[in-house]
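Listed here are the chains, written in short residue letters.
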Amino acid sequence: MTRTADLTDHTPDTDPADRSTRLRAAWSAAWDQGDVDVLDGLLSPAYVRRRGPQGIEQTREGFKESIRAVREAFPGLHTEIEDLVEDGDRLAIRWRSTGRHTGTFLGVPPTGRPVEVSGATFARFEGDTITEERVTFDSRQLLEALGVITTSQGAAVEPELVRGVHRKFITGVTVVTTDDEGTPRGLAVNAFSSISLDPPMVLVCVQRSSSTHPVLHRARHLGINILAADQLDVAKTFAGKSQDKFADIRWSPGEHGAPLIEGSSAQLEVEIGERIEAGSHSVFTGRVVSARHDDRAPLVYSGGGFFDISNTAPLPW
Ligand SMILES: Cc1cc2nc3c(=O)[nH]c(=O)nc-3n(C[C@H](O)[C@H](O)[C@H](O)COP(=O)(O)O)c2cc1C
């Protein structure tokens, strides 16, 4: 295979379409075969890798060293690229690594256990090399597999029981939207929360199996439409899988391009910050960059049913 030539014999104005091919080849060489020097053709000398919510920094050499350490502990490591999306100079990669723990790792002696870790990497190219990457993965998956932390007691709780608990928690219903190169996309989401008021930050949790999920990975902004009590049909549309959910919806792009649905009781546009992999979902956090609300009563979701809050009696407080 002409791997080395692929990664090093490039001209400065490399076709951007070639970037994903070169990245796939370099990842396979480095992660699956341990040929970490191949990364010198893909990562710029000034490359910085930022890991996790704290953005812990690594240089190119530090990164190569950590791949070596991982491969010593998991010699049969295999990394699969599940999704790769490009937007100008930026690339988003969703990946899944599997291996067996047969060497000491993070001070943990070999356990012989199979380990699976999934995450996402966001790369920024300058010319034909990557200057910066942000990496997020579910470190609990790894630590639990190694026996460093135990969350199996939590896992021992029947999902049905947990679902029953969640049904006791009342939420609103939002439609999380984004612009996919001119096409509006969105899904119904009740896993929405405020994080901070100053600065204003919020989060939404989106299942990885959702067709909107990869689009949110390459978007800069997302919209959050808090549905009004008379928008049950909108909730149903966006909880479904139709190809064009916006066909019968009145909407317009917000200041930052996120689709905002007419008749919602409140709307936010959010500049996406972190994309955190967590179990079956990704958590998208971000800063609120535009907001509006009006007097419409919000749609309420409780115990699997939808309610109109304007018919409820306020309690004295
Ligand atoms: C009330 C309600 C709340 C929902 N909340 C979420 C949620 O928080 N996160 C999520 O990923 N899906 C949630 N869903 C499910 C998605 O809306 C549904 O899977 C949708 O079909 C995904 O569409 P897509 O694959 O076109 O993106 C919810 C559905 C309903 C009805």
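First things first, this report covers the structure right here in the doc. Not measured: the values here are computed from a predicted model.

In terms of regular secondary structure, the chain is built from eight helices and 18 strands. Based on the C-alpha atoms only, the size of the chain along its principal axes is roughly 65 × 50 × 35 Å. Across the 317 residues in the chain, those meeting the buried criterion constitute 42%. Nonlocal contacts in the chain, meaning residues at least 24 apart in sequence, comprise 61% of its contacts between residues at least 6 apart. Total accessible area on the chain stands at roughly 16,700 Å², and carbon and sulfur atoms take up 54% of it. Computing the positive centroid from 34 side-chain charges and the negative centroid from 45, the chain places the two 5 Å apart.

Take the layout of surface pockets next. In this structure, the largest pocket encloses a volume near 1,100 Å³. Among the secondary structure elements, those contributing two or more residues to the lining of the largest pocket are helix H6 (159-166), strand E9 (183-189), strand E11 (200-207), helix H8 (232-239) and strand E17 (299-302). In terms of residue count, the dominant contributor to the lining of the largest pocket is H8 (four residues). Residues that form the lining of the largest pocket fall into these classes: 14 nonpolar, 13 polar and five charged. Of the volumes computed, that of the second largest pocket is approximately 840 Å³. The wall of the second largest pocket is formed by 39 residues, among which Arg 51, Trp 95, Val 117, Phe 137 and Leu 142 lie closest to the centre. The residue makeup of the lining of the second largest pocket, split by class, is 22 nonpolar, eleven polar and six charged. Split by domain, the lining of the second largest pocket shows at least three residues from each of two domains, domain 1 (3-154) and domain 2 (161-302).

Enumeration according to the criterion identifies one cavity of 30 Å³ or more in this entry. If you add up the space inside the largest cavity, you get close to 60 Å³. As for the largest cavity, its lining consists of Asp 83, Val 85, Ala 92, Ile 93, Arg 94, Ala 120, Phe 122, Pro 214 and His 217.

Reading guide: rules and limits
Residues numbered from 1 in each chain as written. Predicted model: local features only at pLDDT ≥ 70, side-chain atom pairs only at ≥ 80, totals over all residues. Heavy atoms only, no water. Helix = DSSP H or I, 4+ residues; strand = E, 2+ residues; numbered from the N terminus. Buried < 20%, exposed > 50% of the residue type's maximum accessible area, 1.4 Å probe, protein only. Contact = heavy atoms within 4.5 Å. Areas by Shrake-Rupley, 256 points an atom, 1.4 Å probe, with all protein chains shown as cover. Lys, Arg positive; Asp, Glu negative; His and termini not counted. Charge placed at Lys NZ, Arg CZ, Asp CG, Glu CD. 1 Å grid on protein atoms, 1.4 Å probe; cavity = no way out; pocket = protein on both sides within 12 Å on 5 of 7 lines; lining within 4 Å. Points joined across faces, edges and corners; volume = space filled by probe spheres on them. Nonpolar A, V, L, I, M, F, W, Y, C, P; charged D, E, K, R; others polar. Domains from an automatic or database assignment.

On their own, these measurements won't tell you what the molecule is for.
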